[in-house]
Amino acid sequence: MYRKEKSLPLKSSSAALYNNLSVLRPPDRGLACFSAVHGPSLSLVSVAEDGSGFSHRQLQAKEGGMAVSVPLLTQAAWCVLPWRVLLVLTSQKGIQMYESDGSTMVYWHALDVTEHPPGQAVFARGIAAAGGRFICVGTSSGLVLVFDIPPKGTNVVLSAALERHQHPVTDIAAERGRAPDGAGDLVTADDAGTLCVWSSGEEFVLLLSGAEDSFVHVWKLSRNPYTDDIEIQHCHSERVTDTQVCGARFCDPEGNSFAVTGYDLSEIIRYSRV
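Residues numbered from 1 in each chain as written. Predicted model: local features only at pLDDT ≥ 70, side-chain atom pairs only at ≥ 80, totals over all residues. Heavy atoms only, no water.

Engineer: Account for the sheet that holds strand β10 (residues 105-110), with residues named and values stated.
Structural biologist: Read from one edge to the other, the open sheet built from four strands follows the order β7-β8-β9-β10, with strand pairing classed as antiparallel. Each end of this open sheet is capped by a strand with a single partner; those strands are β7 (73-80) and β10. Going from strand to strand, the sheet's axes swing by 15 degrees on average, the running direction of each strand aside. Note that strand β8 (residues 85-91) and strand β9 (residues 94-99) share five bridges and pair antiparallel. Note on β9: the bridge partner recorded for L89 is Q96. (Pairing = 2+ DSSP bridges. Helix = DSSP H or I, 4+ residues; strand = E, 2+ residues; numbered from the N terminus. Axes fitted to C-alpha atoms, helices over the stretch in contact; angles between N-to-C directions.)

In structure tokens form, the structure reads like this:
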């Protein structure tokens, strides 16, 4: 069971976008960081784990190079790699990577309009760190772009473009495995409901889902040892009253707490296990 905690105020409300919430818990800093997108800006909130206070920051995303226009953001997520943490933003024009606090842009990748059919909307969406050294980002053309991230500096390299989806990528999720090289599972999903599994490794056990009907559900995933099938068990439901849920994330690897954002809601709602 989970109970509702004190909500965190946002400088602006959350846009009605897929997976519009990201959570980061920097090790040994006693902080939890949250972010949500609205238009061309990203609201960042840092809160002390002891509840003693919180701070706000608004990040106005820009394009790389000499461009001065401000694109509309579609998603933001912190990507935790063994040697560094990057804040990745996707938009209608490209992919932006910043240092974890948003202070410095590390890399900018412009989307190729020619990869998209005529008349189709162009955007990037779906962000995940994978394999210990890569960041994967989906696009509206169905490509999954794989970026090789250096231990430091700005020498980010586009190392692969995975072609399996025929529809815009909705989201990407990755789970670090037990292998010494950091290999792990990577799953991509598109708007047609297709799922692609790109690697195998440690089993997924924490699963959280949210929907526009105001409900958030916690599920347990396991594998049947006799049939090798994936089994899903419903564990908990929480109704966020009068809220169109647009983002839900666990706040810790154990699944002891989670946070929720809602369309036109200027706060982040938090729950913790009783």
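Engineer: If you had to explain the nonpolar core to someone new, which residues and values would you point to?
Structural biologist: Counting residues in each nonpolar core, the largest one holds 20 residues, and the members touching the most others are V88, I95, M97, I135, F147 and I149. For this core, the secondary structure elements donating two or more residues are β7, β8, β9, β10, β11 (124-130), β12 (134-139) and β13 (143-148). Residues contacting F147, with those up to four places away along its chain left out, are I95, M97, Y107, H109, R133, F134, I135, V137, V156, V157, L158 and S159. Grouped together as the second largest cluster of nonpolar side chains are 13 residues, V37, A61, L73 and A76 included. (Core = buried A, V, L, I, M, F, W, Y, C linked by side-chain atoms within 4.5 Å. Buried < 20%, exposed > 50% of the residue type's maximum accessible area, 1.4 Å probe, protein only. Contact = heavy atoms within 4.5 Å.)

Engineer: Got a sec to walk through the sheet that holds strand β3 (residues 22-24)? Specific residues and values, please.
Structural biologist: Backbone hydrogen bonds are what pair the strands of a sheet, in a parallel or an antiparallel way. Within the open sheet, the four strands sit side by side as β3-β4-β5-β6. Their pairing is antiparallel. Each edge of the sheet is formed by a strand with only one pairing partner; in this case those strands are β3 and β6 (54-60). Strand-to-strand twist in this sheet, taken as the mean axis angle between neighbours without regard to direction, amounts to 20 degrees. Pairing of strand β5 (residues 41-48) with β6 involves seven bridges; the strand directions are antiparallel.

Engineer: Pulling in residues and values, what's your account of the pattern of salt bridges?
Structural biologist: All chains considered together, the criterion is met by three salt bridges. In this structure, the salt-bridge partner of R84 is E99, at a minimum N-O distance of 3.4 Å. You can see R84 sitting in the loop between β7 and β8 and its partner E99 sitting in strand β9, a full 15 residues away along the chain. Among the ionic pairs, R125 bridges to D191, the shortest N-O distance being 2.9 Å. With R125 in strand β11 and D191 in the loop between β16 (184-190) and β17 (195-199), this residue pair connects regions lying 66 residues apart in the sequence. We classify D191 as partly exposed; its relative accessible area is 42%. (Salt bridge = Lys/Arg side-chain N within 4 Å of Asp/Glu carboxyl O.)

Engineer: Now, about the side chain of S12: what can you tell me, with residues and values included?
Structural biologist: With respect to the helices, strands and loops of the structure, S12 is situated in the loop between β2 (8-9) and β3. Here the side chain of S12 touches Q58 through a polar contact of 3.4 Å, side chain to side chain. Here S12 is in contact with H38, S43, Q58 and S266, once residues within four sequence places are set aside. (Polar contact = N/O pair within 3.5 Å; in protein donor to acceptor, adjacent residues only side chain to side chain.)

Engineer: Outline the packing of aromatic side chains, listing residues and values.
Structural biologist: The full count for this structure, using the stated rule, is three aromatic pairs. Centroid distance Y107 to F147: 5.6 Å. Interplanar angle 65 degrees. Geometry classified as edge-to-face. Placement of Y107 in strand β10 and of F147 in strand β13 is noted, with a sequence separation of 40 residues between them. Under the relative-accessibility criterion, Y107 is labelled buried at 16%. A network of ring pairs unites the aromatic residues Y2, F258 and Y271 as a single cluster. (Phe/Tyr/Trp six-rings, centres within 6.5 Å; stacked < 30°, edge-to-face > 60°.)

Engineer: Which residues make up unusual backbone geometry, and what are the values?
Structural biologist: Although it is not a glycine, D242 sits at a positive phi angle of roughly 55 degrees. In this structure, D264 is a non-glycine residue whose phi angle is positive, near 60 degrees. If you trace the backbone, D264 turns up in the loop between β22 (257-262) and β23 (267-273).

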